Amino acid sequence: MKQKIAIQGELGSYSHLAATEIFDDIEVVPCKTFDQALDLVKNNKDIKAVIPIENSIAGRVADVHYLLPKYKLSVIGESFHKVNHCLLALKGNDLKNIKYVKSHSHAIGQCHQKINKYNLSPIIEADTAGAAKKLSEEKSLDVAVIASELAAQIYNLNIIEKNFEDISGNTTRFLTMSSDKINLIDYEKNKKFITTCIFKLKSLPAALYNSLGGFAVNNVNLTKLESFTVNNSFDQALFYLDIEGHAKEPKVETALQTLKKNTESLDILGVYLASDYRNNH
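A. Summary view of the packing of helix H8 (residues 207-217) against helix H9 (residues 250-261). At their nearest, the axes of H8 and H9 sit 8 Å apart, and the two run at 175° to each other. With respect to each other, H8 and H9 are oriented roughly antiparallel. Along its contact with H8, which presents Asn210, Ser211, Gly214 and Phe215, the element H9 presents Ala255, Leu256, Thr258 and Leu259. Class assignment of the residues belonging to the contact of H8 with H9 gives a composition of four nonpolar, four polar and no charged.

B. Up close: the pattern of salt bridges. One pass over the full model with this rule turns up 17 salt bridges. Here Glu78 ties to Arg278 by a salt bridge, and the two come within 2.7 Å at their closest N and O atoms. With Glu78 in strand S5 (residues 74-82) and Arg278 in helix H10 (residues 277-280), the pair connects residues that are 200 residues apart, well separated along the chain. Between Lys102 and Glu125 there is a salt bridge, and its shortest N-O distance comes to 3.9 Å. Residue Lys102 is found in strand S7 (residues 100-103), and its partner Glu125 is found in the loop between strand S8 (121-124) and helix H6 (128-138); the two are separated by 23 residues along the sequence. Judged by relative accessible area, which is 16%, Glu125 ranks as buried. One network of salt bridges, in which partners are shared, links Glu54, Glu78, Arg173, Lys224, Asp242 and Arg278.

C. Here's a closer look at the nonpolar core. Counting residues in hydrophobic clusters, the biggest one holds 27 residues, and the most contacted among them are Leu38, Ile51, Leu68 and Met177. The set of elements that each furnish at least two residues to this core consists of helix H2 (34-42), strand S3 (47-55), helix H3 (62-71), strand S11 (171-178), strand S12 (193-201), strand S14 (238-244) and strand S15 (263-273). Counting 16 residues, the second-largest nonpolar core is a separate cluster that includes Ala207, Leu241, Ala255 and Leu259.

D. The sheet that holds strand S6 (residues 86-90), seen in detail. Strand order across the open sheet formed by five strands is S8-S7-S9-S6-S10, with mixed pairing between neighbours. Edge positions in the sheet fall to S8 and strand S10 (157-161), since each of these pairs with one other strand and no more. Strand-to-strand twist in this sheet, taken as the mean axis angle between neighbours without regard to direction, amounts to 35°. Here S6 pairs with strand S9 (residues 143-147) via three bridges, running antiparallel. From the neighbouring strand, Leu87 faces S9, where its bridge partner is Ile146. In the packing of H6 onto the sheet, the strands contacted are S6, S7, S9 and S10, and the crossing angle to S9 comes to about 150°.

How each quantity is defined
- Residues numbered from 1 in each chain as written.
- Predicted model: local features only at pLDDT ≥ 70, side-chain atom pairs only at ≥ 80, totals over all residues.
- Heavy atoms only, no water.
- Axes fitted to C-alpha atoms, helices over the stretch in contact; angles between N-to-C directions.
- Helix = DSSP H or I, 4+ residues; strand = E, 2+ residues; numbered from the N terminus.
- Parallel < 35°, antiparallel > 145°, perpendicular 65-115°, else oblique.
- Contact = heavy atoms within 4.5 Å.
- Nonpolar A, V, L, I, M, F, W, Y, C, P; charged D, E, K, R; others polar.
- Salt bridge = Lys/Arg side-chain N within 4 Å of Asp/Glu carboxyl O.
- Buried < 20%, exposed > 50% of the residue type's maximum accessible area, 1.4 Å probe, protein only.
- Core = buried A, V, L, I, M, F, W, Y, C linked by side-chain atoms within 4.5 Å.
- Pairing = 2+ DSSP bridges.

Fair warning: the whole summary comes from geometry, so function is off the table for now.
Encoded structure:
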């Protein structure tokens, strides 16, 4: 039986590409928004989600951070995938006919130099693969899109240029998420783990300083700490935290206890094996 994977975007998106590299046999369920994808997983234990959380050039995927406390899905894995943008057009079309280039705002931004080089006018679309699908339907001769090689295959488009991005090494980190309850996989000394959590501090002076002190004292490395607001409010922010280590590892457990003393809420979203990518970069 194929594993159903919810993604944001159309077939051929980078999330689709990432899902095919994570799982052997999948049925991709395209969703228009991250909200829709996570809601689908929340209400169906047979579906998992592969969601981008941050990009090496564009930074964090803001929409996802806001949705994490809403759904509180379990993070069961991470993966890093290189993004290779392609400039796509209709079969038989030529670059000299192209006036406009359509894609997601991040892709447009990551290909700015090439877009200017070819004197193209950028137009923002909801996602890369969606732009490719639209081009295949509308058959506009003066339009090209920036999308993946997989999108070119799915929508029968011509690849005018591969590696269209301005900076090589563009990489996106994805989280695999499930509606299953948090399963703290066994701690093994010879393996590297990441613990992901979200917390809200108590409204007290030096609360953040005190809450993070436990990590310093116990020599625990934080790989990511980001604040974000929710509910359209200027009230206290929530914090997203990635910890290098397993929640049941003694020094991490002690640091988390210190953190908990200084928070109104602390939700561990997942404990999972660190990607091999971290060892090589």
